[in-house]
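Fold and geometry: a report
For reference, the chains in residue letters:
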Amino acid sequence: MAAVLPALVVGAGLLAAAWRWLRGAALPVRGGSMRGKTVIITGANSGLGRAAAAELLRMRARVIMGCRDRARAELAAREIRAEVGERADGAGELVVRELDLASLRSVRAFCHRVLQEESRLDVLINNAGIFQCPYMKTEDGFEMQFGVNHLGHFLLTNLLLGLLKNSAPSRIVVVSSKLYKYGEINFEDLNSEISYNKSFCYSRSKLANILFARELARRLEGTGVTVNSLHPGIVRTNLGRHVNIPLLAKPLFNLVSWAFFKTPLEGAQTSIYLASSPDVEGVSGKYFGDCKEEELLPKAMDDLVARKLWDISEVMVGLLK
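Note that the structure is a prediction, hence the values are computed from the model and not measured. Residue indices follow the written sequence of each chain, beginning from 1 at its first position. Local features in a predicted model are, by the rule used here, given only for residues with pLDDT of at least 70; side-chain atom pairs are given and counted only at 80 or more, and totals for whole chains, interfaces and linings are based on all residues. Computation of side-chain values: all heavy atoms of the structure, hydrogens and water removed.

For the peptide bond that leads from Ala168 to Pro169, omega is 5°, which places it in the cis range. Positionally, Pro169 belongs in the loop between α5 (144–166) and β5 (170–175). The phi torsion at Gln132 lies on the positive side, around 50°, for a residue other than glycine. Helical segments are the DSSP runs of H or I of at least four residues, strand segments are the runs of E of at least two, and each set is numbered from the N terminus. Mapped onto the fold, Gln132 is located in the loop between β4 (123–126) and α5. Although it is not a glycine, Cys291 sits at a positive phi angle of roughly 65°.

Encoded structure:
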């Protein structure tokens, strides 16, 4: 058996290299110029958010990185500036702002500062997320995945809606996941106090993202603000830091992920496309993957559930008493 494992790893490595060569690197999807436009990206210091921030800066946008860890965000910003460069003529700018989506107080403080300092907001990308973490609660007592992935972004978006409307045409981009398919909205236990399964709760939060985007798009009809959700595919990021992989399986997992998972830049293409492409001007309430519209399961198009989730979320985050 000891002799078989290295052979399997080598064989898998050759197959993986061949597959990656055949697939080729995904070419960046470039939209129009973003000069003069302001974009907020949550979780922009790593993974998909960092890749999207770099590309939108390259397209001359003013990018506000909303990040929980300010030191890590400042480091990422310096690296992005070194890679891309900020324009001497002032077009294209990277700004770091502290934002902890596990704290409604932090979300409110972030939005207050944005509304004080920014005259416009053209794109909001709700990108940050937490994946299959052990049971823990946010500062406000919400189950962490539902609290960060859904409720934090729900409050953030609602507090910035006035600025988005005043800047219309503007766009809201919601990063969900294909794993929404395994989630259910259980209104009797949204906070997972009766039972907790980290995989199910992640899927539920991603289903909530899609239902939120759908209901928000309905409410924003005729305002010039569009809302679309997306899945990025399977991407090599640190999102899976809470997933335990057996030590002996790690070399094979790393090899498979290198070959078959998308890079952060490849995974961010649909976010960039929805944020910048003229092809989706005026398109709203849709779900995308690989820069193309995709069909949703019926449970992700249930308008009654979407409205009920909206009403309950308003109460949970304190927008309604």
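Here the narrative resumes.
Our next topic: the environment of Glu221. Along the chain, Glu221 falls in the loop between α6 (198–219) and β6 (225–231). Separated by 64 residues in sequence, Glu221 and Gly285 have C-alpha atoms that sit 9.6 Å apart.

Let us look at the pattern of salt bridges. Salt bridge, as applied in this entry: a Lys or Arg side-chain nitrogen positioned within 4 Å of an Asp or Glu carboxyl oxygen. Counted according to the given criterion, the structure contains 19 salt bridges. Salt-bridge contacts for Arg219 lead to Glu215; the nearest nitrogen and oxygen are separated by 2.8 Å. Here Arg219 pairs with Glu215, and both are found in helix α6, just 4 residues apart, close to one helical turn. Relative accessibility decides the category of a residue: with a 1.4 Å probe and only protein chains considered, values under 20% of the type maximum give buried, values over 50% give exposed, and everything between is partly exposed. With relative accessibility at 37%, the residue Arg219 sits in the partly exposed group. Sharing partners across several salt bridges, the network here consists of Glu215, Arg218, Arg219, Arg307 and Asp311.

Pairs were defined over the aromatic rings of Phe, Tyr and Trp, the Trp ring being its six-membered one, requiring ring centres within 6.5 Å. Orientation was assigned from the angle between planes: stacked under 30 degrees, edge-to-face over 60, tilted for the rest. Applying the stated criterion to the full structure yields 7 aromatic pairs. Here a set of aromatic residues connected by ring pairs shows up, and it is made of Phe154, Phe212 and Trp310. Remark: a charge is flagged as sitting over a ring if the NZ atom of Lys or the CZ atom of Arg is within 6 Å of the ring centre and within 35 degrees of the ring normal. For the cation-ring pair, Lys308 lies above Phe187, with the distance from its terminal atom to the ring centre recorded as 4.5 Å.

Turning our attention to α5. Each helix should span, by expectation, one fewer than its residue count multiplied by 1.5 Å. The first and last C-alpha atoms of α5 sit 32 Å apart over 23 residues, in line with the 33 Å expected at 1.5 Å per residue. Along α5, the sharpest change in direction is near 45° and occurs at Leu160. For α5, the buried fraction is high: 19 of the 23 residues fall into the buried class. Each polar contact in these results corresponds to two N or O atoms within 3.5 Å; when the atoms are within protein, one needs to be able to donate a hydrogen and the other to accept it, and residues that are neighboring in sequence are counted only if both atoms are side-chain atoms. Measuring from the backbone nitrogen of Gln145 back to the side-chain oxygen at the start of α5 gives 2.9 Å, which picks out Glu143 as the cap. To get the bend at any residue, fit one axis to the seven residues that end at it and another to the seven that begin at it, then take the angle between the two axes.

Take the nonpolar core next. We call a set of buried Ala, Val, Leu, Ile, Met, Phe, Trp, Tyr and Cys residues a nonpolar core when their side-chain atoms join them within 4.5 Å. Ranked by size, the top nonpolar core spans 51 residues in total, and within it Leu160 and Ile172 carry the most contacts. At the level of secondary structure, the elements contributing two or more residues to this core comprise α4 (104–117), α5, β5, α6, β6 and α10 (303–316). With 11 residues, the single largest contributor to this core is α5. Throughout, a contact is declared for two residues whenever any of their heavy atoms are within 4.5 Å. In this structure Ile172 touches Leu124, Asn126, Thr157, Leu161, Leu164, Leu216, Leu220, Val225, Thr226, Val227 and Asn228, once residues within four positions along its chain are discounted. One finds Met34, Val39, Ala53 and Leu274 within the second-largest nonpolar core, a separate group that totals 36 residues.

In terms of burial, strand β1 (residues 38–42) is largely enclosed, as 5 of its 5 residues are buried. Looking at chain direction, β1 and strand β2 (residues 62–67) are connected through 5 bridges and run parallel. Note that in β2 the partner of Val39 across the bridge is Val63. Running through helix α2 (residues 47–58), the crossover from β1 to the neighbouring parallel element β2 is right-handed. At least two bridges found by DSSP between two strands are what make those strands a pair. Handedness is read with the strands pointing away from the viewer; a crossover is right-handed when the path from the first strand over the helix to the second is clockwise.

What follows deals with the sheet that holds β5. Spatially, β3-β2-β1-β4-β5-β6-β7-β8 is the arrangement adopted by the 8 strands of the open sheet, whose pairing is mixed. Every other strand in the sheet has two partners, leaving β3 (93–98) and β8 (292–293) as the edge strands with one partner each. In terms of strand pairing, β1 meets β4 through 3 bridges, oriented parallel. Bridge pairing links Ile40 to Leu124 in β4. Only the stretch in contact is used when a helix axis is fitted, and all axes are lines through C-alpha atoms; the angle between N-to-C directions ranges over 0 to 180 degrees. Sitting on the sheet, α4 touches β1, β2 and β3, and the angle it makes with β3 is about 140°. Sitting on the sheet, α5 touches β1, β4, β5 and β6, and the angle it makes with β4 is about 175°.

Here we take up the pairing of β4. Side chains Val123 and Ile125 of β4 all project onto a buried face; the interleaved residues Leu124 and Asn126 project onto the opposite face, where all are buried too. Summarising the sheet, β4 and β5 pair through 4 bridges and their orientation is parallel. Each bridged residue has a counterpart across the sheet, and for Asn126 the counterpart in β5 is Val174. Taken together, β4, α5 and β5 constitute a β-α-β crossover, and its handedness is right-handed.

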